[in-house]
Amino acid sequence: MARKYFGTDGVRGRANEHPMTAEMALKLGSAVGQYFHRDDRPHRVVIGKDTRRSGYMIENALTAGLTAVGMDVFLLGPMPTPAIGMLTRNMRADLGVMISASHNPAHDNGIKFFGPDGFKLSDEAESTIENLIENPRPLVEADKIGSAIRIDDGLGRYIEYAKRSFPRDMQLDGLHVVIDAANGAAYKTAPAVLWELGAEITSIGVNPNGYNINKDCGSTSPDNAAMRVVASGADVGICLDGDADRITIIDEKGRVIDGDQIMGLIASDWADRGKLPSNALVATIMSNLGLERYLKSRNIELIRTGVGDRYVVEEMRKNGHNLGGEQSGHIVMTDYATTGDGLVAALQFLAIMVSRGVKASELARTFDPVPQKLVNVRFSAGQAPLDNNDVKEAIKASEASLEGKGRLVIRKSGTEPLIRIMAEADDANLMDAAIEMVEKSVREVCGQ
């Protein structure tokens, strides 16, 4: 059954517009609290957020909804998304909540939920919560209303957790690292971890004002960090997104290293060291064909899922895989974390650099990528271009042109009103023609 509020990564939208209103957050808090409030014992929920101004509004509304159904709320303040997964487990909470729209602009916001095991909720759980929004249960009696307190040591706990993922016999002494925290949730934690491990750091994107998160910085806009790496003679650059669950790495020459290359490097390194027990990497349908070919040459299987790190994690948990992620830079390592963790992924990359004694540029191109192109077409409310027969015919023709020569992936974004058209083929001209065919049809249907 189609979900009304939840997308591929929680509930997301423009702040102060449905569904990202205080009223909706109140209802959502009450519904998810009722879902997890199953007996008379005390129930805990931890709440973190990134640095968006609207986070204050949503945090307070969620807290009201949760306490109204008897949940005790622990407010952590600005905190990376992976820290919420970790702290939900460590604090023995029934529920974890992260208020963030990840890599989206500051005017957006979102709400992500984690179960008591620290993993994101299943589609089935989200559907049940949606039903509770529409059909709420009675609130608790006055003497059973929950409490709300602020926790001050969450950042310190996460810093120590992240450092434990780095080999104890290694240091980052002598390594100059540019860290771009996207003016987001990791603006304190990421520089602290790298400095405590011995690196010389140059920090950018560490002055959030509520409105500059992801603005011309971070993993989706790495140009500024790349220039800083080259200008300062740094060894490597690390760019996180607004909630620090994804990463882009920059080598000493200023070249960007995407998630596919990072996953290929870690998978190969772990396989060599016997740390990849299933001999498989889980990625999405968006990962480059070149990655698949490279892994096959190393006798490592590539298992593809739908788009969204939650679906990657579901496959990993179901079949016992410990490494997965997305081309966009979500890298999931269940040996260390329950969700994508940009900083921990960066530490794995740095550990390989240190252990091999090589420059970042020598690790930047694990495989030769197949030409790949992604085009986004925005659509308006009420439009459903993928249901249009002309678009369906264009997709069919485009797929036929690529048969045996490449791949075509068409999907509706789960976080924005976009149709994402991706194609890849060894012949770049064939790839461009396949995309153009579908893009033109979608734009015509959308009145563009």
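Heads up: the structure comes first, above all this text.
Here the structure is a predicted model, which means the values were calculated and not measured.

**A short note on the sheet that holds strand S17 (residues 406-412)**
Part 1: What the 3 strands build is an open sheet, ordered S16-S18-S17; its pairing is antiparallel. Both outer strands of the open sheet, strand S16 (372-378) and S17, are each paired with one neighbouring strand and no more. Ignoring which end each strand starts from, the neighbouring axes of this sheet average 10° apart.
Part 2: In terms of strand pairing, S16 meets strand S18 (residues 418-425) through 7 bridges, oriented antiparallel. Residue pairing for S18: Val375 is matched across the bridge by Ile421.
Part 3: Sheet strands in contact with helix H12 (residues 389-402) are S17 and S18, and its direction is about 155° off that of S17.

**Structural notes on the packing of helix H5 (residues 154-164) against helix H6 (residues 189-196)**
Part 1: One can describe the packing of H5 onto H6 by two numbers: an axis separation of 10 Å at closest approach and a directional angle of 45°. With respect to H6, the axis of H5 lies oblique. At the point where H5 passes H6, the crossing takes the right-handed sense. Taking contact as the criterion, the partners of Leu155, Tyr158, Ile159, Glu160, Ala162 and Lys163 in H5 are, on H6, Thr189, Ala192, Val193 and Glu196.

**Digging into the nonpolar core**
Part 1: Counting residues in each nonpolar core, the largest one holds 70 residues, and the members touching the most others are Leu194, Ile238, Ile247, Leu323, Ile331, Phe349 and Leu350.
Part 2: In terms of nonpolar packing, the next biggest core, distinct from the first, is built from 31 residues, Phe6, Met71, Ile111 and Ile133 among them.

**Things to note about the side chain of Arg407**
Part 1: By the secondary structure assignment, Arg407 is in strand S17.
Part 2: Within the local environment of Arg407, its side chain forms a polar contact with the backbone oxygen of Ser287, the two atoms lying 2.9 Å apart.

Cut-offs and rules
- Residues numbered from 1 in each chain as written.
- Predicted model: local features only at pLDDT ≥ 70, side-chain atom pairs only at ≥ 80, totals over all residues.
- Heavy atoms only, no water.
- Pairing = 2+ DSSP bridges.
- Helix = DSSP H or I, 4+ residues; strand = E, 2+ residues; numbered from the N terminus.
- Axes fitted to C-alpha atoms, helices over the stretch in contact; angles between N-to-C directions.
- Contact = heavy atoms within 4.5 Å.
- Parallel < 35°, antiparallel > 145°, perpendicular 65-115°, else oblique.
- Left-handed = near helix turned anticlockwise from the far one by under 90°.
- Core = buried A, V, L, I, M, F, W, Y, C linked by side-chain atoms within 4.5 Å.
- Buried < 20%, exposed > 50% of the residue type's maximum accessible area, 1.4 Å probe, protein only.
- Polar contact = N/O pair within 3.5 Å; in protein donor to acceptor, adjacent residues only side chain to side chain.

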